[in-house]
Amino acid sequence: MKNKKKLLWIVAIFVLIGIIALAIYLKSVEDYKRAVAEISFSPVSLSAVSDGVYTGECDVEFIYAKVSVTVENGKLTDIAILEHKNGRGAAAESVVDEMMKKQSVDVDTVSGATNSSIVLKKAVENALQEGLSH
């Protein structure tokens, strides 16, 4: 009887730990979703960006991007993804090719990788913003 009671306490503790862990995870997911939803973009005129290589980052916990952006004569000449923690959003990396083609951050997101696309676009915008102050 004593062993049965001890086993029930152990099971109850593990269930409680599991519930707490699940609550923490669900809160993190909500925070991540809110962070992505709150990302806003400001238009950046490439002609106003000084020539150079600029680094930009965007971090929303579950997705993180760090990029290097090269601007020459008012044109994007290179966007390199230095780091992309993306969960299942690796397909979003093609958004960089679209930005190069369109010469703008204002491109459509990649279907199925929307949040990763948004984070990559914001990282590029952040890099370009750095070039505005030079």
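The coordinates are above.
These numbers come from a predicted model, not from an experiment. (Residues numbered from 1 in each chain as written. Predicted model: local features only at pLDDT ≥ 70, side-chain atom pairs only at ≥ 80, totals over all residues. Heavy atoms only, no water.)

Topic: the pairing of strand 3 (residues 75-85)
With 9 bridges joining them, strand 2 (residues 64-72) and strand 3 adopt antiparallel strand pairing. Along strand 3, the bridge assignment pairs Val67 with Ile81. The turn joining strand 2 and strand 3, which pair antiparallel and follow one another in sequence, is formed by 2 residues; a positive phi near 50° is taken by Asn73. (Pairing = 2+ DSSP bridges. Helix = DSSP H or I, 4+ residues; strand = E, 2+ residues; numbered from the N terminus.)

What to know about the pattern of salt bridges
Inspection of every chain in the model, using the stated rule, returns 4 salt bridges. Measuring nitrogen to oxygen at the nearest pair gives 2.9 Å for the salt bridge that ties Asp31 to Lys27. Remark: Lys27 and Asp31 occur in helix 1 (residues 2-37); sequence separation between them is 4 residues, near one turn of the helix. Taking the shortest distance from any N to any O, the salt bridge between Glu98 and Lys101 comes out at 3.5 Å. Pair noted here: Glu98 and Lys101 are both in helix 2 (residues 95-102), with a separation of 3 residues, about one helical turn. On the basis of relative accessible area, Lys101 is assigned to the exposed category, the value being 64%. Several salt bridges share partner residues, and in doing so they unite Lys27, Asp31 and Arg34 into one network. (Salt bridge = Lys/Arg side-chain N within 4 Å of Asp/Glu carboxyl O. Buried < 20%, exposed > 50% of the residue type's maximum accessible area, 1.4 Å probe, protein only.)

Describing helix 2
All of the buried residues in helix 2 are Val95, Val96 and Met99. Projected down its long axis, helix 2 shows its buried positions confined to an angular sector of 105°, all on one face. As for helix 2, its buried residues are in contact with strand 3 and helix 3 (114-132). Downstream of helix 2 by a residue or two, Gln103 has a phi angle that is positive, lying close to 55°. (Arc of directions from axis to C-beta. Contact = heavy atoms within 4.5 Å.)

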